[in-house]
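# A structural walkthrough
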Amino acid sequence: MSPAFRAMDVEPRAKGVLLEPFVHQVGGHSCVLRFNETTLCKPLVPREHQFYETLPAEMRKFTPQYKGVVSVRFEEDEDRNLCLIAYPLKGDHGTVEIVDNSDCEPKSKLLRWTTNKKHHVLETEKTPKDWVRQHRKEEKMKSHKLEEEFEWLKKSEVLYYTVEKKGNISSQLKHYNPWSMKCHQQQLQRMKENAKHRNQYKFILLENLTSRYEVPCVLDLKMGTRQHGDDASEEKAANQIRKCQQSTSAVIGVRVCGMQVYQAGSGQLMFMNKYHGRKLSVQGFKEALYQFFHNGRYLRRELLGPVLKKLTELKAVLERQESYRFYSSSLLVIYDGKERPEVVLDSDAEDLEDLSEESADESAGAYAYKPLGASSVDVRMIDFAHTTCRLYGEDTVVHEGQDAGYIFGLQSLIDIVTEISEESGE
């Protein structure tokens, strides 16, 4: 357990960071919030926190980077709007700085605070009150304008939203994800109801996997044939077993938990939530996967190879893990819906200098044109609140060998993506 986790006292004079909804959350029930451009935070669950601090080194490339712990509470502004504010832990100052975790520094060194004025902070002597008041007023107007729209959006299992053609696409995306707003509102409500007894919560900081994409397309897949943890009540276990039996989880070990896709052909965003994902047959799951890689004009075939490569690598890593069980964990697949311009390729090295090494090697002499950044696709495991392994001393149940249910789901996913690739002439 990290020193940062143990020291939960908040610095008395610390500045707080205003947390915003993470607009690209497509699944799950826990609220994920945007701390800054490259960092997210979510309520701390001890088991998930323990996983991130003890996970095997070879799994780090398949999980978000863990960045530490903050204290979060809700406050009201002068207009009585509820805001979630993150504060540094005792002994730290400012706002979280992005720290490279590749060298596996001690966790006490990973949480550092700076005074970067680019982040949203509470009012200080350097933040004029009139500017803050005007900013909040504008945000409130936007919120009221979209409130009724969100209500019907949240009730739809599959919906298409036309993105306005004027302005930047990515700047407009921030308003239109109904699932993220639903989770955010529920989190605020829970904290408000508990405020009389408690208004200080532990949140963990994680890498924002969508930050490098201009228009993130996100697929959330619930993995494994079993979803309930060893500590689940009989009622909860029965409920989770029923969900698996009535969905593709029982048949192929994976089901759709959420999806966000930008379709360039129509200029629309397509959202699919977990309720629709549970209803899909195996064929319906395959069609949903095909739709995820289709931009409304053609299948993004250049993404299928890299996805298969990453899925195969992850499967090999998990086959080497003893005792781990990733119950109720999800797998994210992310790529950029905004394609880059195509460039002419030939055998001259100068013509390839703007391409990544991987794209250049695959493309030279094989295609006349190739989209830049074709292999820019990510595959990551998330959500470890019910993960267990023999390293967790407090667990009464200890499993041996591989997580066969999760690995089965991965193999099913590999087989289906391979089928899509072959049927599309890849």
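This write-up is about the structure you can find in this document.

Thresholds, definitions, all that
Residues numbered from 1 in each chain as written. Predicted model: local features only at pLDDT ≥ 70, side-chain atom pairs only at ≥ 80, totals over all residues. Heavy atoms only, no water. Helix = DSSP H or I, 4+ residues; strand = E, 2+ residues; numbered from the N terminus. Contact = heavy atoms within 4.5 Å. Phe/Tyr/Trp six-rings, centres within 6.5 Å; stacked < 30°, edge-to-face > 60°. Buried < 20%, exposed > 50% of the residue type's maximum accessible area, 1.4 Å probe, protein only. Lys NZ or Arg CZ within 6 Å of the ring centre and 35° of its normal. Pairing = 2+ DSSP bridges. Axes fitted to C-alpha atoms, helices over the stretch in contact; angles between N-to-C directions. Core = buried A, V, L, I, M, F, W, Y, C linked by side-chain atoms within 4.5 Å. Salt bridge = Lys/Arg side-chain N within 4 Å of Asp/Glu carboxyl O.

Before going further, it helps to examine the side chain of Ser330. Mapped onto the elements of the fold, Ser330 is located in strand S14 (residues 330-336). Each residue touching Ser330, except ones within four places of it in the same chain, is listed here: Asp220, Leu221, Lys222, Met223, Arg380, Met381, Ile382, Asp383 and Tyr406.

For the rest of this paragraph, the subject is the packing of aromatic side chains. Taken as a whole and assessed by the stated rule, the structure comprises 12 aromatic pairs. Ring centres of Phe51 and Tyr52 lie 5.6 Å apart, and the angle between their planes is 70°; this geometry places the pair in the edge-to-face category. Tyr52 gets classed as buried once you look at its relative accessible area, which sits at 3%. What links up through ring pairs into an aromatic cluster is the set Phe51, Tyr52, Tyr66, Tyr324, Phe326, Phe384 and Tyr406. Sitting above the plane of the Tyr327 ring, Arg226 keeps its charged end 4.0 Å from the centroid.

Around the barrel, six strands lie side by side as S1-S2-S3-S9-S4-S5; this closed barrel has antiparallel pairing. For this sheet, the mean angle separating the axes of adjacent strands, direction not counted, is 45°. Taken together, the three bridges between strand S2 (residues 33-36) and strand S3 (residues 39-43) define a ladder with antiparallel strand orientation. Its bridge partner lying in S3, Leu33 is registered against Cys41. Sheet strands touched by helix H6 (residues 178-193): strand S1 (17-21), S2, S3, strand S4 (66-76), strand S5 (82-87) and strand S9 (201-207). Its angle to S5, the strand with the most contacts, is close to 85°.

Counting 61 residues, the largest nonpolar core has Phe293 and Leu331 as its most contacted members. At eight residues, the largest contribution of residues to this core is made by helix H13 (residues 404-423). Ignoring sequence-local partners within four residues, the contact set of Phe293 consists of Tyr298, Leu299, Arg300, Leu303, Leu304, Val307, Val333 and Tyr335. Ranked by size, the runner-up nonpolar core spans 16 residues in total, among them Leu19, Cys31, Phe35 and Phe203.

It is worth spelling out the pattern of salt bridges at this point. Applying the stated criterion across every chain, the model contains 19 salt bridges. Between Asp383 and Lys42 there is a salt bridge; the shortest N-O distance is 3.0 Å. With a gap of 341 residues between them, Asp383 in the loop between strand S17 (377-382) and strand S18 (386-388) and Lys42 in strand S3 connect regions that are remote in the sequence. For the salt bridge of Glu313 with Lys309, the shortest nitrogen-to-oxygen distance reads 2.8 Å. Here Lys309 and Glu313 lie together in helix H11 (residues 304-319), a separation of four residues that amounts to about one turn. Several salt bridges converge on common partners, so that one network encompasses Glu20, Arg34 and Glu37.

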